[in-house]
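# Fold and geometry: a report
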Amino acid sequence: MTVKYSEDHEWISVEGDIGTVGITNHAQEQLGELVYVEVPEVGATLDQGEEACVVESVKAASEVYSPCTGEVIEVNEDLSDAPTIVNEHAEGDGWMFKIKIADMRELDDFMDKAQYKAYLKELDE
(Lines give C-alpha, C1' and ligand atoms only; values in the text may rest on other atoms or scores of the structure.)
Protein backbone atom coordinates (compact mmCIF):
# COMPACT_ATOMS: atom_id res chain seq x y z
CA MET A 1 0.00 0.00 0.00
CA THR A 2 1.33 3.39 -1.04
CA VAL A 3 0.08 6.71 0.33
CA LYS A 4 0.55 9.89 -1.70
CA TYR A 5 -0.27 13.53 -0.84
CA SER A 6 -1.29 16.51 -2.97
CA GLU A 7 -0.50 20.18 -2.52
CA ASP A 8 -4.26 20.64 -2.01
CA HIS A 9 -4.01 18.45 1.13
CA GLU A 10 -5.72 15.36 -0.21
CA TRP A 11 -4.27 11.92 0.36
CA ILE A 12 -4.70 8.75 -1.65
CA SER A 13 -3.86 5.29 -0.41
CA VAL A 14 -3.24 2.97 -3.35
CA GLU A 15 -3.66 -0.80 -3.38
CA GLY A 16 -3.48 -2.30 -6.86
CA ASP A 17 -5.60 -0.02 -9.05
CA ILE A 18 -7.89 1.14 -6.22
CA GLY A 19 -7.31 4.43 -4.43
CA THR A 20 -8.89 5.47 -1.13
CA VAL A 21 -9.14 9.28 -0.93
CA GLY A 22 -9.53 11.76 1.92
CA ILE A 23 -8.20 15.02 3.28
CA THR A 24 -5.10 15.24 5.41
CA ASN A 25 -4.98 15.87 9.12
CA HIS A 26 -3.52 19.31 8.33
CA ALA A 27 -6.55 20.14 6.16
CA GLN A 28 -9.08 19.12 8.80
CA GLU A 29 -7.19 21.16 11.42
CA GLN A 30 -7.38 24.22 9.16
CA LEU A 31 -11.11 23.71 8.55
CA GLY A 32 -12.12 23.07 12.14
CA GLU A 33 -15.06 20.92 13.19
CA LEU A 34 -16.82 19.52 10.14
CA VAL A 35 -20.60 19.75 10.04
CA TYR A 36 -21.24 18.34 6.55
CA VAL A 37 -19.49 16.15 3.98
CA GLU A 38 -20.87 15.67 0.46
CA VAL A 39 -19.35 12.65 -1.26
CA PRO A 40 -19.58 11.75 -4.97
CA GLU A 41 -22.05 9.23 -6.36
CA VAL A 42 -20.92 5.63 -6.73
CA GLY A 43 -20.41 5.06 -10.45
CA ALA A 44 -19.43 8.67 -11.13
CA THR A 45 -16.42 9.16 -13.40
CA LEU A 46 -14.02 11.83 -12.16
CA ASP A 47 -11.15 13.52 -13.95
CA GLN A 48 -7.92 14.32 -12.15
CA GLY A 49 -8.33 17.68 -10.39
CA GLU A 50 -12.12 17.66 -10.68
CA GLU A 51 -14.19 18.58 -7.63
CA ALA A 52 -15.19 15.31 -5.99
CA CYS A 53 -16.47 16.27 -2.53
CA VAL A 54 -17.48 19.29 -0.50
CA VAL A 55 -16.68 19.62 3.18
CA GLU A 56 -18.27 22.26 5.37
CA SER A 57 -17.09 23.27 8.79
CA VAL A 58 -18.13 25.88 11.29
CA LYS A 59 -15.43 28.08 9.69
CA ALA A 60 -15.70 27.49 5.93
CA ALA A 61 -16.63 25.27 3.03
CA SER A 62 -13.96 23.65 0.89
CA GLU A 63 -13.75 21.42 -2.14
CA VAL A 64 -11.94 18.10 -2.24
CA TYR A 65 -10.47 17.30 -5.64
CA SER A 66 -9.99 13.91 -7.22
CA PRO A 67 -6.29 13.03 -7.24
CA CYS A 68 -6.73 10.93 -10.37
CA THR A 69 -9.07 10.01 -13.19
CA GLY A 70 -11.30 7.03 -12.55
CA GLU A 71 -14.63 5.64 -11.46
CA VAL A 72 -15.95 6.04 -7.92
CA ILE A 73 -16.57 2.51 -6.62
CA GLU A 74 -17.42 3.21 -2.98
CA VAL A 75 -18.16 6.15 -0.68
CA ASN A 76 -17.92 6.46 3.08
CA GLU A 77 -21.63 6.46 4.00
CA ASP A 78 -20.80 7.05 7.68
CA LEU A 79 -19.82 10.65 6.96
CA SER A 80 -23.40 11.74 6.21
CA ASP A 81 -24.40 11.08 9.82
CA ALA A 82 -21.04 11.75 11.47
CA PRO A 83 -18.86 14.19 9.49
CA THR A 84 -16.61 14.67 12.53
CA ILE A 85 -15.11 11.24 11.80
CA VAL A 86 -12.89 13.23 9.41
CA ASN A 87 -11.76 15.45 12.30
CA GLU A 88 -11.05 12.44 14.50
CA HIS A 89 -9.44 10.15 11.90
CA ALA A 90 -8.73 12.22 8.76
CA GLU A 91 -6.19 9.78 7.36
CA GLY A 92 -8.02 6.63 8.40
CA ASP A 93 -11.73 6.08 9.08
CA GLY A 94 -12.43 9.58 7.74
CA TRP A 95 -11.76 8.53 4.12
CA MET A 96 -14.27 9.92 1.64
CA PHE A 97 -14.35 7.72 -1.47
CA LYS A 98 -12.64 4.89 -3.30
CA ILE A 99 -11.78 5.20 -6.96
CA LYS A 100 -10.70 2.72 -9.61
CA ILE A 101 -7.61 4.47 -10.97
CA ALA A 102 -7.53 4.83 -14.75
CA ASP A 103 -3.87 5.94 -15.08
CA MET A 104 -1.40 5.39 -12.24
CA ARG A 105 1.03 7.86 -13.84
CA GLU A 106 -1.25 10.70 -12.74
CA LEU A 107 0.04 10.13 -9.20
CA ASP A 108 3.71 10.51 -10.15
CA ASP A 109 3.84 14.17 -9.11
CA PHE A 110 2.31 13.55 -5.69
CA MET A 111 4.39 13.62 -2.52
CA ASP A 112 5.23 10.80 -0.13
CA LYS A 113 4.77 11.38 3.63
CA ALA A 114 8.26 12.85 4.16
CA GLN A 115 7.88 15.23 1.21
CA TYR A 116 4.44 16.28 2.42
CA LYS A 117 5.77 17.02 5.92
CA ALA A 118 8.53 19.15 4.36
CA TYR A 119 5.90 20.92 2.24
CA LEU A 120 3.88 21.75 5.37
CA LYS A 121 7.00 23.20 7.01
CA GLU A 122 7.51 25.45 3.98
CA LEU A 123 3.92 26.67 4.30
CA ASP A 124 4.49 27.59 7.96
CA GLU A 125 7.55 29.73 7.15
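Now for a description of the structure that goes with this document. (Residues numbered from 1 in each chain as written. Predicted model: local features only at pLDDT ≥ 70, side-chain atom pairs only at ≥ 80, totals over all residues. Heavy atoms only, no water.)

A separate point is the sheet that holds strand E5 (residues 45-46). Across the sheet, 6 strands lie side by side as E1-E2-E3-E9-E8-E5; this open sheet has antiparallel pairing. One side of each edge strand has no neighbouring strand; the edge strands of this open sheet are strand E1 (2-5) and E5. Pairing analysis gives 4 bridges linking strand E3 (residues 18-23) to strand E9 (residues 97-101), with the strands arranged antiparallel. Bridge pairing links Val21 to Phe97 in E9. (Pairing = 2+ DSSP bridges. Helix = DSSP H or I, 4+ residues; strand = E, 2+ residues; numbered from the N terminus.)

Here the focus is the environment of Asp103. One can find Asp103 in the loop between E9 and helix H4 (113-124). Given a relative accessible area of 25%, Asp103 falls into the partly exposed group. Along the sequence, Asp103 and Cys68 sit 35 residues apart, while their C-alpha atoms lie 7.4 Å from each other. Reaching out from Asp103, the side chain makes a polar contact with the backbone nitrogen of Arg105 at a distance of 3.0 Å. (Buried < 20%, exposed > 50% of the residue type's maximum accessible area, 1.4 Å probe, protein only. Polar contact = N/O pair within 3.5 Å; in protein donor to acceptor, adjacent residues only side chain to side chain.)

Attention now moves to the pattern of salt bridges. Scanning the entire structure with this criterion turns up 4 salt bridges. Note that Asp17 is salt-bridged to Lys100, the shortest N-O span being 2.4 Å. Of the two residues, Asp17 sits in the loop between strand E2 (10-15) and E3 while Lys100 sits in strand E9, which places them 83 residues apart along the sequence. Since its relative accessible area comes to 31%, Asp17 is described here as partly exposed. One salt bridge connects Glu74 with Lys98, and the closest N-O pair in it is separated by 3.9 Å. Of this pair, Glu74 sits in strand E8 (residues 70-75) while Lys98 sits in strand E9, and the two are 24 residues apart along the sequence. (Salt bridge = Lys/Arg side-chain N within 4 Å of Asp/Glu carboxyl O.)

Counted by the stated rule, this structure contains 0 disulfides. As a non-bridged cysteine, Cys68 has Cys53 as the owner of its nearest cysteine sulfur, 12 Å distant. The class of Cys68 is buried, set by a relative accessible area of 0%. (Disulfide = S-S within 2.5 Å.)

On to the pairing of E9. Only one face of E9 is buried, namely the one carrying Phe97, Ile99 and Ile101, since none of Lys98 and Lys100 on the opposite face is buried. Where E8 and E9 come together, 5 bridges link them in antiparallel fashion. Along E9, the bridge assignment pairs Glu71 with Lys100.

It is worth spelling out unusual backbone geometry at this point. Phi is positive for His9, close to 70 degrees, though the residue is something other than glycine. On the secondary structure map, His9 appears in the loop between E1 and E2. On the basis of relative accessibility, which here comes to 14%, the residue His9 falls in the buried class.

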